[in-house]
Structures are given as structure tokens and as C-alpha cells.
Amino acid sequence: MSQFQSHHASHDREIESLAEFDRVVSAPGGLAHHRVQAVDLTGRTDALLAADATGAVFLGCPMEPRAAAGVRATGALVFPPIPGLPFDPYRGRLYSPEELYARLDEGYETTPDALAYDWFQQTRADGDVFASMLRAVHDDAVSDALDELVAGLRVVGVMGGHAMARGTEEYAGAARLGRELARAGLTVATGGGPGAMEAANLGAYAAPFRDGMLDEALMLLAKVPSFTRSIADWARSAFEVRGRWPGGGASIGIPTWFYGHEPPNAFATHIAKYFANATREDGLLARSTAGVVFLPGAAGTLQEIFDNATPNYYESRGEPTPMVLVDREHWTRTLPAWPLLQSLAKGRPMESRIALVDRIDEAPDALKRLGG
């Protein structure tokens, strides 16, 4: 079983694939009290009509009308698929880069990622309560899938700005950091976007390969330094690297359509993309149970530092988790977050769980020292 196949006991009654459905429907008790998420059941009418569906809930499962009527008659709730949406609000699994970037050869604007962002922009402006409900259902489904994925894993967050360009030493350092953390048995999680986030996910992807692979990949990616000129070219260059070295290491990206101008990076093999940025931010930090490394960034990274510091201060999530800030000059002079973090931590259990280092390559040892 791979590190990403753990399945928490509280999710044992969730059915998220046709194979799971076929196994459950033929077992004693049938579908009673199960939750079926986004599984196409149009070819399972006879099985549905014969099953005990007492207390079952069907979330966005296509099925024939007589099958829907039949399971309702035995006590099931049926939430039908919503036509015309560029996303599935009931999805049972996280996104993959291939799914979000489908049809990239026709231009980024045709991809599911771009279409979902366009829908978000339109519905956010008109204040439609139905659209708000769909966004909330989608984000809750993504959180559920993310919880299933990370159960039992040691997750370390890597935070940093989107402006860090490919081809820079800073980008290469963030990639080497991601690789070292992954090789140490940690699951790397980032905000899922460009810059430092992409670099850390790239490093985790490179972890199973020889060291020279990352150097070669960095050279290829440097030809398209940023997404700002062309998202399509930026994404294609990442898929070119993935095509040359298939089967890289797993990691997590947690981006948001709230910042839709920042596309998701293709090196995060599992993508939990949200509409609500607040849900995304809190979820990313809460799941970084092995600690968080904060690379130089601006307002977003600064917010993440104190979003993480608050539960550590109050111990609202239990024992404080390690926090490592990288680049002394940046965090003491450019954006002096470190002195304030030190003041907050003084005399509290979190004081022994924070560190400031000068260089990216010092971060893994600092994490170990802090108990991450």
C-alpha cells in the first residue's frame, strides 16, 4: 500500500468508485447508510432496485429515473448531478494536474481550471445563494478527500511567495528543500501555486530519481521563468519535465480559485483546490502536522506565519508544531515577522518550536531539532 492509500475508519461508508459500489452492493446489508459520491450508476439500475438503501445518500450520482425512484422508496436521499457546471461539487477525490489542465493544447482558457475560475468570477459577483451553496459543498468534499489522503502521514508545509522565478538560485534551493524533505519520509504540502510552491513540489517529485535529474529539470524549466506571460507555456514546460521523468514522487498542492490568476503547478501530484481561500489556508496549515517551513514571501506568506502561530500560541490543535523561517535578513528587516513571533512565543511551549535560519539548506536540520 502506498503512502497515499490510507483510508480513515470514519470514511469506511463512503463509496467513491464503481468498483467500491459493486463490492458493497453485493455484500450483506447492501447500501444501507452508505454515502455514494459522484459515481456514474446509469449501468447499475438492476442492482439499485434490488438493494437495501435505507439511510443511504447519493451525491451527484447519475442514474436512471426509475433507479432514483427505487432507492428513494427504500429511504435514501438522492442529490442529483448539477448540469452545466465546469466542476463536480460532489467529487470524492482530489484533483490531478492532468485533470485540471485537460485540453491545454487548445489553450489554457479551455481547461477545467480556467473554466472553474471563470464560473467563480461570474457567480461571486452576482451573489447567487445557489452558487454559494455549490461552492461550499465542493470545498467540503475536497476537505473530506484531503483528510482521507493525509490520514497517518507526516505532512510538512512549505510556504513561500508565487513570484519566485524559475532559473533563480532561490527556486533551485526551494526545490532541493522539497527533495530532501520527501527523501526523509515526509509528505510535502504547499499552497499549490507557482514560485516557491512549485519549486517545493518539484523537489518532492524529483525525490525518487538520481540527483542529476533535478539539475536537468531546473534547466528545462528556466526556459519559461514565470506564468505571467503565458500560463499555457509555463504549464506545458512542467508537463514536459514530467513526461521525460514519469512516475515522480507524490506531494500535495492546496491552491485556490480565489487567486485564479495564480495557476496550479503540475508537480503536486494531488491537488486540493478550493473556492474559499480562508478554508484553504486553514486547511493547509492544520494538516501540516510535522511542521511548516516559511520561505521568503510577501503578504500571503506573512499571513500564513501568524495563521500558524495562533493555534500554536493557544495550543488549540494540541502540542505546538515546528515553525522554521528561512532568510534572516528577510524576516528581521524586510518584513520583521521574527521579532514579533519571538515575543509571542516567549515563556510558552511554542518557544521551543520556532527557529530562524539563514539558508534554505538549514531548514531540514532545524525541523529535526524542533521535533518535526
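Just so it is clear, the model here is predicted, and its values are computed rather than measured. (Residues numbered from 1 in each chain as written. Predicted model: local features only at pLDDT ≥ 70, side-chain atom pairs only at ≥ 80, totals over all residues. Heavy atoms only, no water.)

**Considerations on the layout of surface pockets**
What counts, and what does not: Site definitions follow a grid-based scheme: protein atoms alone, a 1 Å grid, a 1.4 Å probe that fits but cannot get out for cavities, and for pockets an open set with protein on both sides within 12 Å along at least five of seven lines, plus lining residues having an atom within 4 Å of a point. Grid points are joined across faces, edges and corners, and a volume is the space filled by probe spheres set on the points. Helix and strand assignments follow DSSP, with helices taken as H or I runs no shorter than four residues and strands as E runs no shorter than two, numbered in order from the N terminus. Basically, the charged four are Asp, Glu, Lys and Arg, the nonpolar ten are Ala, Val, Leu, Ile, Met, Phe, Trp, Tyr, Cys and Pro, and anything else, Gly included, counts as polar.
Its boundaries defined by the atoms lining it, the largest pocket holds a volume of some 450 Å³. Taken together, 28 residues make up the lining of the largest pocket; nearest its centre are Gly-160, Gly-161, His-162, Met-197 and Thr-301. Of all the secondary structure elements, the ones that give two or more residues to the lining of the largest pocket are strand S5 (155–159), helix H8 (196–206), helix H11 (277–286) and helix H12 (299–314). With five residues, the single largest contributor to the lining of the largest pocket is H12. Taken together, the residues that form the lining of the largest pocket break down as eleven nonpolar, twelve polar and five charged.

**What to know about the nonpolar core**
Stated precisely, the cut-off is as follows: Nonpolar cores are built from buried Ala, Val, Leu, Ile, Met, Phe, Trp, Tyr and Cys residues. Side-chain atoms within 4.5 Å join them into one set. Remark: exposure states derive from per-residue accessible area (1.4 Å probe, protein chains only) relative to the maximum for the residue type, with buried under 20%, exposed over 50%, and partly exposed in between.
By size, the foremost hydrophobic cluster in this structure holds 42 residues, and its most contacted members are Leu-202, Leu-295 and Val-324. For this core, the elements supplying multiple residues, two or more each, are S5, helix H7 (169–183), H8, helix H9 (211–221), helix H10 (231–244), strand S10 (323–326), strand S11 (354–357) and helix H15 (363–370). Top element by residues in this core is H8. It accounts for seven residues. Ranked by size, the runner-up nonpolar core spans 30 residues in total, among them Ala-189, Val-292, Trp-338 and Ile-354.

**Some words on empty space enclosed by the protein**
In this structure the tally under the stated criterion is one cavity of 30 Å³ or more. Around the largest cavity, the lining residues are Val-150, Val-155, Ala-189, Ile-252, Ile-254, Leu-284, Arg-287 and Ser-288. Grouping the amino acids of the lining of the largest cavity by side-chain chemistry returns six nonpolar, one polar and one charged.

**Some remarks on the environment of Glu-16**
As for its position among the elements, Glu-16 is in the loop between strand S1 (14–15) and helix H1 (18–25). For Glu-16, a relative accessible area of 8% translates into the label buried. Counting along the chain gives 176 residues from Glu-16 to Gly-192, while the straight-line C-alpha distance between them is 24 Å.

**Overview of the sheet that holds S11**
Backbone-to-backbone hydrogen bonds pair the strands of a sheet. The strands run either parallel or antiparallel. The line we're drawing: We call two strands paired when DSSP finds no fewer than two bridges between them. By definition in these notes, contact holds between two residues if any of their heavy atoms fall within 4.5 Å. Here an axis means a line fitted to C-alpha atoms, over the contact stretch when the element is a helix, while the angle between two N-to-C directions is reported on a 0 to 180 degree scale.
If you walk across this open sheet you meet the seven strands as S8-S7-S6-S5-S9-S10-S11, and the pairing is parallel. Lying at the two open borders of the sheet, with one neighbouring strand each, are strand S8 (270–271) and S11. Bridging between strand S7 (residues 252–253) and S8 involves two bridges; their strand directions are parallel. Paired with Ile-252 across the strands is His-270, a residue of S8. Of the strands in this sheet, S5, strand S6 (187–190) and S7 are in contact with H8, which crosses S6 at around 160°.

**Points about the packing of H7 against H15**
Heads up, the rule is: For this classification, under 35 degrees means roughly parallel, over 145 means roughly antiparallel, 65 to 115 means roughly perpendicular, and everything else is oblique.
Two elements in contact, H7 and H15, have axes whose closest approach is 10 Å; the angle formed by their N-to-C orientations is 40°. When the interaxial angle is binned, H7 and H15 end up oblique. For the pair H7 and H15, contact is made by Leu-177, Glu-180 and Leu-181 and by Ala-363, Pro-364 and Leu-367, respectively. Split by residue class, the contact of H7 with H15 holds five nonpolar, no polar and one charged.

**Digging into the packing of aromatic side chains**
By convention here, two paired aromatic rings are described through the distance between centres and the angle between planes. Worth spelling out the cut-off: Note on aromatic pairs: the rings of Phe, Tyr and Trp (six-membered ring only in Trp) are paired at centre separations within 6.5 Å, and the planes decide the class, stacked below 30 degrees, edge-to-face beyond 60, tilted for the rest. A ring has a charge above it when a Lys NZ or an Arg CZ is no more than 6 Å from the ring centre and no more than 35 degrees off the ring normal.
What the rule picks out here adds up to 13 aromatic pairs. Aromatic pair Tyr-101 and Tyr-108: ring centres 6.2 Å apart, planes at 50°, arrangement tilted. Here Tyr-101 matches Tyr-108 in class, with each residue buried. These aromatic residues form a ring-pair network of at least three members: Phe-87, Tyr-95, Trp-119, Phe-120, Trp-257 and Phe-275. For Arg-91, the ring lying beneath its charged end belongs to Tyr-95, and the centroid distance is 3.7 Å.

Limitation: the analysis is restricted to geometry and does not speak to function.
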